[in-house]
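# Results of the structural survey
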Amino acid sequence: MALVVQKYGGSSVADDEKIRNVARRVAASAPGHQLVVVVSAMGKTTDGLVALAHQVSPSPEPREMDMLLATGEQVTIALLAMALQSLGLRARSFTGFQAAIRTDRAHTRARITQISTERVRQSDRAHTRARITQISTERVRQSLDAGEIAVVAGFQGLSDEDEITTLGRGGSDLTAVALAAALKAEVCEIYTDVDGVYTADPAIVPDAKKLARVSYDEMLEMASLGAKVLQSRSVEFAKKYGVTVHVRSTFKPDPGTLVTKEEQGMEEVVVTGVTHDRSQAKISILRVPDRPGIAAQAFGAIAAKNIVVDMIVQNISRDGYTDMSFTLPRGDHAGAVVALEEVARSIGALGVVHDERVAKVSIVGVGMRSHGGVAAKMFATLSKEGINIQMISTSEIAISCVIEDKYAELAVRALHDAFEVGKGANR
């Protein structure tokens, strides 16, 4: 029988009726398949737990946060297993720890260094955003061989010191893809409240089209640049291990979007999607002495706080001084400003300024590799709408611009129209 991993997000299991709906969906998939079902916490449970933690402590200790947040998924797996059993199916729930998802220390992107089909214990302690290093599928495999549906908690793991760890926002996607790779599943189906990956956010661009297929590289760029359908770390892992991911709607039977390896013909479409991210902030260090080691000192202070930066721009040196600007997640900017103000004083810089009213808009497409004039067209489109570009970042298949936050939606619509995005949606 084909082995399939299914993942259902928080909106898909938000209440008892939705859990029963998921159980019916799983039951319909059961004939002829071995099923592993990965679930998130119900609805806004995780947000509620985070808020509760900050009500009792201004600065919750990471270990205790992991202990708290991991409870959300444990509720869901038990309820879904019960719902499946009520339909006459054999089902068994597993926490991330019982599924032997072992983690080491990491605070940015997860990296899986080894996947084993036997029980393993090697790993390090980590909290808040853990890094998977090893997965033993032994117990889950035994459940499948016994004819059971294995219901596994996403988002969580266990360190070598038997400390509960969590994988960060969207970590259930990573759990599902990792299990699919370890179990050599035929496909990893990600069920959510949207029916696939669109050329832009349909709430902003009403004529956005659903993509039938998208390459790993395109999806990785789109996920990291603001598209919220898949967690970027899960896409990175899927590419590394060749896991085919199918993004589908929990509430509709329609086919969704396949995330898979790049295929012939994909480069014919110049721009596959337009994304935006309004959770950005920009920080600038003014009149920085232009000498070796200064940039390392500044960004080392940020790295020490486990803050991930995005775009970095350094101006041309004038009179021995320069300005350095970069973007980062808005929620991290306060901590970064504190760290950089201390650095600025120590190196003799003029000071630090920051702006939370920025957004990042991006165009993505493997076709950019073989088509010229894409950047010029993007800049001209924004200029025509009176939108000033503050920073620019490029990769082989993406161009991103930092602009004022109030222009984000206008920019997305203008770029979607200018590049006629969606004409190749059924490629």
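Further up the page is the structure itself.
To start, this report covers the structure provided alongside it. (Residues numbered from 1 in each chain as written. Predicted model: local features only at pLDDT ≥ 70, side-chain atom pairs only at ≥ 80, totals over all residues. Heavy atoms only, no water.)

### Quick notes on the overall build of the protein
Each helix and strand counted, the protein has twelve helices and 18 strands in total. Looking at the protein as a whole, 52% of its 427 residues qualify as buried. Sequence separation of 24 or more characterises 74% of the internal contacts of the protein that already satisfy a separation of 6 or more. When the accessible area of the protein is evaluated, it comes to approximately 18,700 Å², of which 49% is carbon and sulfur surface. (Helix = DSSP H or I, 4+ residues; strand = E, 2+ residues; numbered from the N terminus. Buried < 20%, exposed > 50% of the residue type's maximum accessible area, 1.4 Å probe, protein only. Contact = heavy atoms within 4.5 Å. Areas by Shrake-Rupley, 256 points an atom, 1.4 Å probe, with all protein chains shown as cover.)

### Things to note about the packing of aromatic side chains
For any pair of aromatic rings, the description consists of the separation of the ring centres together with the inter-plane angle of the planes. The final tally for this structure, using the stated rule, is three aromatic pairs. When the ring centre of Tyr321 is taken as reference, the NZ or CZ atom of Arg287 above it lies at 4.1 Å. Looking at Lys377, its charged tip hangs above the ring of Phe419, at a distance of 5.0 Å from the centre. (Phe/Tyr/Trp six-rings, centres within 6.5 Å; stacked < 30°, edge-to-face > 60°. Lys NZ or Arg CZ within 6 Å of the ring centre and 35° of its normal.)

### Concerning the pattern of salt bridges
Scanning the model with the defined rule gives 20 salt bridges in all. Note that Arg24 is salt-bridged to Glu17, the shortest N-O span being 2.9 Å. Classification of Arg24 as partly exposed rests on a relative accessible area of 40%. Residue Glu17 is classed as partly exposed on the basis of its relative accessible area of 38%. Three or more residues joined by partner-sharing salt bridges are found here, namely Asp16, Glu17, Arg20 and Arg24. (Salt bridge = Lys/Arg side-chain N within 4 Å of Asp/Glu carboxyl O.)

### A few points about the pairing of strand S16 (residues 351-364)
For S16, a buried count of ten out of 14 residues is recorded, marking the element as mostly surrounded by other parts of the structure. Pairing geometry for strand S13 (residues 273-289) and S16, over eleven bridges, is antiparallel. Bridge assignment links Ile283 to a residue of S16, and that residue is His354. As judged from the seven bridges shared by S16 and strand S18 (residues 398-404), these two strands associate in the antiparallel manner. Residue pairing for S18: Val358 is matched across the bridge by Glu404. (Pairing = 2+ DSSP bridges.)

### With respect to the sheet that holds strand S2 (residues 33-39)
Pairing is mixed across the open sheet formed by eight strands, whose spatial order is S3-S6-S2-S1-S9-S11-S12-S10. Of all strands in the sheet, those bounded by a partner on one side alone are strand S3 (91-94) and strand S10 (213-215). Between one strand and the next, the sheet's axes are offset by a mean angle of 20°, whatever the strand orientation. Bridge analysis of strand S11 (residues 245-249) against strand S12 (residues 257-260) gives three bridges, and the strand direction is antiparallel. When the bridges of S12 are listed, Val247 appears paired with Thr257. Packed onto the sheet, helix H7 (residues 216-224) meets S10 and S12 and runs at close to 85° relative to S10. (Axes fitted to C-alpha atoms, helices over the stretch in contact; angles between N-to-C directions.)

### Considering the nonpolar core
Val5, Val36, Met219 and Val245 are the most contacted members of the largest nonpolar core, which has 42 residues in total. Ranked by the residues each element gives to this core, the list is headed by helix H6 (residues 171-183), at eight residues. Ignoring any residue separated from it by four or fewer positions in sequence, one finds Val5 in contact with Val36, Val38, Ala176, Leu179, Ala180, Ala185, Val187, Cys188 and Glu189. The next biggest cluster of nonpolar side chains, apart from the first, holds 23 residues, and it includes Val13, Ala30, Ala81 and Ala91. (Core = buried A, V, L, I, M, F, W, Y, C linked by side-chain atoms within 4.5 Å.)

### Examining the side chain of Asp355
Within the secondary structure, Asp355 sits in strand S16. Judged by relative accessible area, Asp355 falls into the buried class, the value being 18%. Among the polar contacts listed, one links the side chain of Asp355 to the backbone nitrogen of Arg357, at a separation of 2.8 Å. The contact partners of Asp355, leaving out residues within four places of it in the chain, are Ala281 and Lys282. (Polar contact = N/O pair within 3.5 Å; in protein donor to acceptor, adjacent residues only side chain to side chain.)

### Structural notes on the environment of Gln34
As for its placement among the helices and strands, Gln34 is situated in strand S2. Residues Gln34 and Leu174 lie 140 residues apart in sequence; the distance between their C-alpha atoms is 20 Å. Those residues in contact with Gln34 that sit more than four places away from it in its chain are Met1, Ala2, Leu3, Val4, Arg141, Leu144 and Asp145.

### Considerations on a nonpolar patch on the surface
Taken together, the side chains of Val75, Leu79 and Met82 define a hydrophobic patch exposed on the protein surface, amounting to about 250 Å² of accessible area. Turning to its location among the elements, Met82 is positioned in helix H4 (residues 71-86). (Patch = residues over 30% accessible without salt bridge, like charges linked within 9 Å, V, L, I, M, F, W, Y side chains within 5 Å.)

### Re H6
For H6, built from 13 residues, the straight-helix expectation of 18 Å at 1.5 Å per residue is met to within 8% by its first-to-last C-alpha distance of 18 Å. Extensive coverage of H6 is indicated by the burial of 13 of its 13 residues. Lys184, located one to two residues past H6, shows a positive phi value of around 55°. (Expected span 1.5 Å × (residues − 1).)

### Structural notes on the sheet that holds strand S14 (residues 312-314)
Pairing is antiparallel in the open sheet, where six strands are placed in the order S14-S15-S13-S16-S18-S17. Only two strands of the sheet have a single partner each, and these edge strands are S14 and strand S17 (391-395). Taken over all neighbouring pairs, the strand axes of this sheet differ in orientation by 25° on average, direction set aside. Helix-sheet contacts for helix H12 (residues 408-418) involve S13, S16 and S18, and the interaxial angle to S13 is about 120°.

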